[in-house]
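Each chain is listed here by its residues.
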Amino acid sequence: MLGEASDIDQRPHRSPVLLTASLEAGEAVIDVKLRNISEGGALVESDFLPRVCSAVVFHRQSTTVGGVVAWVNGRLAGIQFDRQLNTDELLRHITRPAPVVEPDPDAYKRPGLRNHKLTLAERAWLERWIQDPSHGHFGD
């Protein structure tokens, strides 16, 4: 029965992306946003899309593959490729995220407010400041 878990498991892995690509449909070349891609097809977005069942040629950098427009819904269209892309060809266009570097937690700590032991020089400066009437009082 369509829609069972076994049918869903057979779907190829789709890699979500946001890349530029183009579709060649007859004489027209349509710039599209590539939303996801798999070994068997792609999800594209554009204001101008070919009709369902139109033959197209999908271009993304050095990857060129023929296909057909499987469905159109508003600005989105599913492209079914004529041949399976191999994993290397597919992943060449998907950049790996930069490794996450955990910041040093001590670099972002605020200075402690309790149990801060003043140096002798800090104590002497503070005592002079407290006794000096030239700075006024708090709130002046």
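Look up: the structure comes first, before these words.
Quick look at the structure, then. Per chain, residue numbering runs from 1 following the sequence as it is written. Residues qualify for local features only when their pLDDT is at least 70, as the model is predicted, and side-chain atom pairs are given and counted only at 80 or more; totals for whole chains, interfaces and linings, by contrast, use all residues. Processing note: side-chain calculations cover all non-hydrogen atoms of the structure and skip hydrogens and water entirely.

Some thoughts on the overall build of the chain
Then, in step 1: Starting at the N terminus, helices and strands are each numbered in turn, a helix being any DSSP run of H or I of at least four residues and a strand any DSSP run of E of at least two. On a plain count of helices and strands, the chain comes out with 3 helices and 6 strands.
Then, in step 2: Taken from N to C terminus, the helices and strands of the chain fall in the order α-β-β-β-β-β-β-α-α.
Then, in step 3: For the chain, buried positions account for 25% of its 140 residues.
Then, in step 4: Long-range pairs, those at least 24 residues apart, make up 41% of the contacts in the chain with a sequence separation of at least 6.
Then, in step 5: The method behind every accessible area is Shrake-Rupley, applied with a 1.4 Å probe, and residues are considered shielded solely by the protein chains displayed. For the chain, the accessible surface area stands at approximately 11,100 Å², while carbon and sulfur atoms represent 55% of it. For every residue, the accessible area obtained with a 1.4 Å probe (protein chains only) is divided by the maximum for its type, and the residue is called buried under 20%, exposed over 50%, and partly exposed between those limits. Any two residues whose heavy atoms approach within 4.5 Å at even a single point are treated as in contact.

Section: the sheet that holds strand S5 (residues 63-73)
Then, in step 1: With antiparallel pairing, 6 strands are arranged side by side around a closed barrel as S1-S2-S3-S6-S5-S4. Strand after strand, the sheet turns through a mean of 45 degrees between neighbouring axes, direction not considered.
Then, in step 2: What makes two strands pair is DSSP finding at least two bridges between them. Relative to strand S6 (residues 76-81), S5 runs antiparallel, the two sharing 6 bridges. In the strand pairing of S6, Val-72 is matched with Ala-77. Interaxial angles span 0 to 180 degrees and are taken between N-to-C directions of axes, which are lines fitted to C-alpha atoms, for helices over the stretch in contact.

Examining the packing of aromatic side chains
Within a pair of aromatic rings, the relevant descriptors are the distance that separates the centres and the angle that separates the planes.
Then, in step 1: Note on ring pairs: Phe, Tyr and Trp rings are taken, using the six-membered ring of Trp, and paired if centres are within 6.5 Å. Classes follow the plane angle, with under 30 degrees stacked, over 60 edge-to-face and the rest tilted. Applying the stated criterion across every chain yields a total of 2 aromatic pairs.
Then, in step 2: Taking the centre distance of 5.4 Å and the plane angle of 45 degrees together, the rings of Phe-58 and Phe-81 count as tilted. Separated by 23 residues along the polypeptide, Phe-58 in strand S4 (residues 55-60) and Phe-81 in strand S6 bring together distant segments of the chain. Summarising the burial analysis for this pair, Phe-58 and Phe-81 share the class buried.
Then, in step 3: Centre to centre, the rings of Trp-125 and Trp-129 are 6.5 Å apart; their planes meet at 20 degrees, and the pair counts as stacked. Remark: Trp-129 and Trp-125 occur in helix H3 (residues 120-131); sequence separation between them is 4 residues, near one turn of the helix.
Then, in step 4: What makes Trp-129 partly exposed here is its relative accessible area of 33%.

Thoughts on the pattern of salt bridges
Then, in step 1: Salt bridge, as used here: a side-chain nitrogen of Lys or Arg that lies within 4 Å of a carboxyl oxygen of Asp or Glu. With the rule as written, the count across this model stands at 3 salt bridges.
Then, in step 2: Salt-bridge contacts for Arg-35 lead to Glu-45; the nearest nitrogen and oxygen are separated by 2.5 Å. Of the two residues, Arg-35 is situated in strand S2 (residues 28-37) and Glu-45 in strand S3 (residues 41-45); the sequence distance between them amounts to 10 residues.
Then, in step 3: Arg-35 gets classed as partly exposed once you look at its relative accessible area, which sits at 29%.
Then, in step 4: Bridged by salt links that share partners, the residues Arg-35, Glu-45, Asp-47 and Arg-75 form one connected network.

Some remarks on the side chain of Ser-46
Then, in step 1: Along the polypeptide, Ser-46 turns up in the loop between S3 and S4.
Then, in step 2: Excluding residues within four positions of it along the chain, Ser-46 makes contact with Ile-30, Asp-31, Val-32 and Arg-75.

Points about H3
Then, in step 1: Between the first and last residue of a helix there are one fewer steps than residues, each counted as 1.5 Å, and that sum is the expected span. Along its 12 residues, H3 runs 17 Å from first to last C-alpha, staying within 8% of the 16 Å computed at 1.5 Å per residue.
Then, in step 2: H3 sits mainly on the outside: 0 of its 12 residues count as buried.

A few points about the nonpolar core
Then, in step 1: The nonpolar core is taken to be a set of buried Ala, Val, Leu, Ile, Met, Phe, Trp, Tyr and Cys residues, with the residues joined through side-chain atoms within 4.5 Å. Core analysis: the largest hydrophobic core is formed by 18 residues, its most contacted members being Leu-34, Val-44, Phe-58 and Phe-81.
Then, in step 2: Taken together, the elements giving at least two residues each to this core come down to strand S1 (15-25), S2, S3, S4, S5 and S6.
Then, in step 3: Excluding anything up to four places from it in sequence, Val-44 contacts Leu-23, Val-32, Lys-33, Leu-34, Leu-49, Phe-58, Arg-75, Leu-76, Ala-77 and Ile-79.

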